[in-house]
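Fold and contact review
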Amino acid sequence: FGWNGGGAARPRRCSSDSEDQHQLATLCKDLEGRPLVDELVVVLQALNQVLHVWTAPEAAFQAARAAVAFLKPYTEEERTLEFLLSSHTHKEKMENCAASMKRALVACQSAGLPEEAELQRWPKALEGLRQKCREVFELHFYAVFLDIKGDKVLLEQLFRWLSAALQLPLASVQRCLARTRPWAEEALQAMARRKQLRMLQRLHERALQQWNREWQEASRPESGKLGVKFWDSSFCHLFKIAWPDFVEAFENFYVGRCPNDLVRQLRAKVDPNGSHQVTRNSWQLLLQDHSRISDMVDILLEEVLSSLPECIYREPPEEEEVIDVDVSDWHVCESSKQGPQACGEPLRLGFPSPQSTPQVAKPWVPFAHSTADDDMSIPTQTDVRHPAGAQHGARDSSARVAWDDFVSDLCASHKPWWMDAEDEASSASFALREAALRAVDSCISCTRRSLIFRVVSGDLGQNRPVLQMPKVADEKPQAVSISSPREAPADFSTLPALVVAANGSRFSGVTKFGRSSSKRTLAPDCPMSEPIASRSHFNVIHDQESDQFYIMDAGSKWGTFVKIGSTVTLSCGDWIRVGGVEFIVRFCGGGCKCQKSHMHYRLHSLKMEEERHKGMWPKPKPKVCFSDTSPSSMSKTGDGGEEFSDDDIQAEMLTVRKSRGWMSAASRLCSCASATDRPIKMQSGTCIPVAPLELDFISGPRMGEKIVLLDRVCTLGRGEGNTIQVTDSQLASVSRVHCIFEFSGNRWQMRDNSSTNGTWRRLSCVLEPSEPVPVTGSMSIQAGTHEFFVKPAEMRQCLIPSPGRAVLEEMQRTHA
């Protein structure tokens, strides 16, 4: 009779009713076996039975249509994560479905249908789905946070959590993540405004504690004294090592990688000064109060958890202008292909541009040349240790790439995991990631600065592009000697180049150069195939606080040399290379921080004074004082003897030494005068304020000689008129007047005299890491047979890598 228990009268079936029954039946079939909706499928099957009853109420058909519209996207596996995120952020469809099902339940109760008991399970099933959507949304938000933070260890753990929450294999999870760009950009907007702090703290604490539990289970006890086996097996016979090498060896020795927050806390213990150097003593002091390495890790974790808010966001800037990206008016859509001009206020991200130090040419010293030199017409040869030829890098026009195009391709290759391969990263999306990166406490540097390494010699130039930089007004090309047998081009701009960015390597902020090896540890980012290169030769470091690049030797055997451009102040222990000649500064005249060398000279002088007082030496005549403190430092005593000051004793020590090296110009004149019948008499108290400079030659024609310089201005070269002449028929890599020594301001200084092969200074003279040297302008570096011309450059956009994408690819390779 058309009675339907309170619903609208339905005198006959229509085609739309059959369509609703068919769609609901298809939905139930497609949802069978899908995770998270088992109870919902049972309710939908009961609803489908209700639809086949002749007296089914109209509310049941409305509930069926709402259920199909709500759950249809979940039937596709690739849209699983998209469905859950959409259900949490856009709750209209879920609420509409819940309201329709509630009305259908009331109608079925009024009709007295037998499927009423099954329909009663709908609210509980829907609440379970709602909680699962909330959980997945938080995990996805935290995944975006970790990708900006740059923590690969916690990202790997989080992707396993997400795979378990979705009940999908890892390959399917990666495909699902690629369809979540709108929600990822919403998360970036929230992080740029420093929101969701409590949720991030809760998830971050849970992730760190879970990692610690897994690490404790996988860690193995260390036999013997704690930490000794680790150091001896990784850095045998070394007292000081570079920080990147230490943390890499630590993670490999003690089973697995560590989260970034623990690594930073560990560095604060072993490298408190931030010198990128770790000593064995600091490592032993850290372990002296612990019996197991796990106890130390627990303490580090407690310290991190005690300051957890600082691990989430940085301190807010004092001025609002620090974050110039306004994301309040941005519209998040699935494509996000609109430019920044369509997003309200234009982008105003300000980055400081690197400033190059102007090179001031020093005057040429003409008095070092002599007309009697036989080799004045012979050109200076290039150092034979650096192989010649154009095979070290492609220099043809086909390999030329514009700088802006190169930067665009480089940034495009680092797409985040929430973008599909077909998605194009717009300027607005880049600016949004930069804004989030400035707010999050991340190990990824938010900078547009980079370094361009022009490969002058070495195999790293193979298959490298020739970068064409934008023309800058008043910029002159850096010339290369045309007479060089390397057949170098007219300027460095035509040489192949590799780009070192702050975030373009395995370790954020560190780019490692060294010899490639099959071992897992100390793997370089830029492998050098030459045999004399060390496994860890030198590092390029970027400091976030100063936004400055540094170059440091990593304790290599053959050293890393930096070319001396302007005047440098010499110190005790400096290792200088002049063509094929190398020497070490044994005594700089005082003034440097090496008190050990100064004390050695003082003790030596006191020993000679004792021998002189015992009568082993003849009583010396008044000597020249090499101190600028007092013009007359000698005083007469009662018995007619002389009382010498410390400076006089030092001068005595230097003058009585047997001359083994080249005599200075002043010494030659004094020797010629003493050979005559009219010796030159110097008045007592006469003072020449020039401290001695002692050089010890360790390679070249004068190897084994120690030479003391006493003149205010001295020169070194192969010319006959130089203070130090270095000449050899087999070695012509030294220029006629190669370099100049000058005593100025109570310190000895050295500068290159525009020589062909340059004057080079070794960063570390022992097998220990050197102090980081800032890259303030153009500079040249030698490492083994490689020579680089380094110049700072600025990219038009920040290079922000995606650690999450790298982790997903690595996990897929591991599971495959």
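Residues numbered from 1 in each chain as written. Predicted model: local features only at pLDDT ≥ 70, side-chain atom pairs only at ≥ 80, totals over all residues. Heavy atoms only, no water.

1. Topic: the overall build of the protein chain
Scanning the protein chain from terminus to terminus reveals 23 helices and 26 strands. Expressed as a percentage of the 816 residues in the protein chain, the buried residues total 50%. Sequence separation of 24 or more characterises 73% of the internal contacts of the protein chain that already satisfy a separation of 6 or more. (Helix = DSSP H or I, 4+ residues; strand = E, 2+ residues; numbered from the N terminus. Buried < 20%, exposed > 50% of the residue type's maximum accessible area, 1.4 Å probe, protein only. Contact = heavy atoms within 4.5 Å.)

2. Some thoughts on the packing of helix α11 (residues 197-218) against helix α16 (residues 293-306)
One can describe the packing of α11 onto α16 by two numbers: an axis separation of 11 Å at closest approach and a directional angle of 180 degrees. Considering their axes alone, α11 and α16 lie roughly antiparallel with respect to each other. In contact with Glu205, Leu208, Gln209, Trp211, Asn212, Trp215 and Gln216 of α11, α16 contributes Ile293, Ser294, Val297, Asp298, Leu301, Val304 and Leu305. Taken together, the residues of the contact of α11 with α16 break down into eight nonpolar, four polar and two charged. (Axes fitted to C-alpha atoms, helices over the stretch in contact; angles between N-to-C directions. Parallel < 35°, antiparallel > 145°, perpendicular 65-115°, else oblique. Nonpolar A, V, L, I, M, F, W, Y, C, P; charged D, E, K, R; others polar.)

3. Here we look at the pattern of salt bridges
Throughout the structure, instances matching the rule amount to 33 salt bridges. Across the pair arginine 65 and glutamate 58 runs a salt bridge, and its minimum N-O distance is 3.6 Å. Overall, the relative accessible area of 35% leaves arginine 65 in the partly exposed class. In this structure glutamate 58 comes out as partly exposed when scored by relative accessible area, which is 24%. Aspartate 441 is the partner of lysine 149 in a salt bridge, and the nearest nitrogen-oxygen pair spans 3.7 Å. Placement of lysine 149 in helix α7 (residues 122-149) and of aspartate 441 in the loop between α19 (427-439) and β4 (449-457) is noted, with a sequence separation of 292 residues between them. (Salt bridge = Lys/Arg side-chain N within 4 Å of Asp/Glu carboxyl O.)

4. Here we look at the packing of aromatic side chains
Taken as a whole and assessed by the stated rule, the structure comprises 30 aromatic pairs. With 5.5 Å between their ring centres and 75 degrees between their planes, phenylalanine 453 and phenylalanine 788 make a pair best called edge-to-face. Placement of phenylalanine 453 in strand β4 and of phenylalanine 788 in strand β26 (residues 786-794) is noted, with a sequence separation of 335 residues between them. For the residue pair phenylalanine 453 and phenylalanine 788, the accessibility class agrees, reading buried in each case. Among the aromatic residues, those joined into a ring-pair cluster are Phe230, Trp231, Phe235, Trp243, Phe246, Phe250, Phe253, Tyr254 and Trp283. (Phe/Tyr/Trp six-rings, centres within 6.5 Å; stacked < 30°, edge-to-face > 60°.)

5. Here's the deal with the nonpolar core
Formed by 126 residues in total, the largest nonpolar core has its most connected members in Leu44, Met191, Phe246, Trp283 and Met296. Of all the elements, α7 adds the most residues to this core, at 15 residues. Other than its neighbours up to four places away in sequence, phenylalanine 246 contacts Phe230, Trp231, Phe235, Ile241, Leu266, Val270, Val278 and Trp283. Of all hydrophobic cores here, the second largest spans 29 residues; its members include Ile564, Val585, Ala691 and Val734. (Core = buried A, V, L, I, M, F, W, Y, C linked by side-chain atoms within 4.5 Å.)

6. Observations concerning the packing of helix α8 (residues 152-166) against helix α9 (residues 170-177)
Packing of α8 against α9 leaves a shortest axis separation of 10 Å and a crossing angle of 95 degrees. Comparing their axes, α9 and α8 come out roughly perpendicular. Listed contacts from α9 to Phe159, Leu162 and Ser163 of α8 are Leu170, Val173 and Leu177. In terms of residue class, the contact of α8 with α9 is made up of five nonpolar, one polar and no charged.

7. Topic: the sheet that holds strand β13 (residues 575-578)
Spatially, the ten strands line up as an open sheet ordered β6-β4-β26-β25-β11-β23-β13-β14-β17-β18, and their pairing is antiparallel. Sheet topology places β6 (497-501) and β18 (706-709) at the edges, where each strand pairs with a single neighbour. Taken over all neighbouring pairs, the strand axes of this sheet differ in orientation by 30 degrees on average, direction set aside. The pairing of strand β17 (residues 693-699) with β18 spans four bridges and is antiparallel. Bridge pairing in β18 links aspartate 696 to lysine 706. (Pairing = 2+ DSSP bridges.)

8. Some points on α19
The terminal C-alpha atoms of α19 lie 19 Å apart, and with 13 residues this matches the ideal 18 Å at 1.5 Å per residue to within 8%. Along α19, the positions that sit buried rather than exposed are Ala428, Ser429, Phe430, Ala431, Leu432, Arg433, Glu434, Ala435, Ala436, Leu437 and Ala439. Where α19 is buried, its residues touch α7, α10 (181-192), α17 (308-312) and α18 (403-412). (Expected span 1.5 Å × (residues − 1).)

9. Considering the pairing of strand β21 (residues 739-744)
Sheet topology note: the strand β19 (residues 713-717)/β21 ladder contains four bridges and is antiparallel. In the sheet register, cysteine 714 faces β21, and the bridge partner there is phenylalanine 741. In terms of strand pairing, β21 meets strand β22 (residues 747-752) through six bridges, oriented antiparallel. Bridge pairing in β22 places serine 744 opposite arginine 747. Remark: two residues form the turn of the hairpin made by β21 and β22, two consecutive strands paired antiparallel; glycine 745 in that turn has positive phi of roughly 65 degrees.

10. Remarks on the environment of glutamine 749
Note on placement: glutamine 749 falls in strand β22. Owing to a relative accessible area of 23%, glutamine 749 belongs among the partly exposed residues under this scheme. Separated by 180 residues in sequence, glutamine 749 and threonine 569 place their C-alpha atoms 4.4 Å apart. Contact partners of glutamine 749, with chain neighbours within four places excluded, come to Thr567, Val568, Thr569, Ile740, Phe741, Glu742 and Ser744.

11. Brief notes about the sheet that holds strand β8 (residues 526-528)
Pairing in this open sheet of five strands is mixed, and the strands run β8-β7-β9-β10-β24 from one edge to the other. In the strand order of this sheet, the two ends are held by β8 and β24 (773-774), each with one partner.

12. Thoughts on the state of the cysteines
Within this structure, the stated rule accounts for zero disulfides. There is no disulfide at cysteine 572, and the cysteine sulfur nearest it, in cysteine 588, is 3.5 Å away. (Disulfide = S-S within 2.5 Å.)

13. A word on unusual backbone geometry
Across the chain, the bulk of peptide bonds are trans and the bulk of non-glycine residues have phi less than zero. For histidine 237, which is not a glycine, the phi torsion comes out positive at approximately 65 degrees. On the accessibility criterion, histidine 237 (76% relative accessible area) is exposed. Notably, histidine 276 is not glycine yet its phi reads approximately 60 degrees, a positive angle. Here histidine 276 lies in the loop between α14 (260-270) and β2 (277-279).

14. Structural notes on the side chain of aspartate 696
Summarising the element assignment, aspartate 696 is placed in strand β17. In terms of polar contacts, aspartate 696 uses its side chain to reach the side chain of arginine 586, at 2.9 Å. Once residues within four sequence positions are removed from consideration, aspartate 696 is found in contact with Glu582, Phe583, Ile584, Arg586, Glu705 and Lys706. (Polar contact = N/O pair within 3.5 Å; in protein donor to acceptor, adjacent residues only side chain to side chain.)

15. Considering the confidence of the model for the protein chain
Summarising the model, the protein chain shows a mean pLDDT of 77, and 72% of its residues fall at 70 or more. Note that pLDDT drops below 50 for residues 385-398; the model gives that stretch 42 contacts with residues more than four away or on any other chain. (pLDDT = per-residue confidence, 0-100.)

16. Focus on helix α4 (residues 80-89)
For α4, a buried count of eight out of ten residues is recorded, marking the element as mostly surrounded by other parts of the structure. If you check which residues of α4 are buried, you get Thr80, Leu81, Glu82, Phe83, Leu84, Leu85, Ser87 and His88.

17. Topic: the pairing of strand β10 (residues 548-553)
Burial within β10 is extensive, with five of its six residues counted as buried. Relative to β10, strand β9 (residues 538-543) is paired through six bridges, and the arrangement is antiparallel. Pairing of valine 540 across the sheet is with isoleucine 551, part of β10. The hairpin turn running from β9 into β10, its antiparallel successor, is four residues long, and aspartate 547 in that turn takes a positive phi close to 50 degrees. Sheet analysis places β10 next to β24, joined by two bridges and oriented antiparallel. Within β24, the residue paired with tyrosine 550 across the bridge is proline 774.

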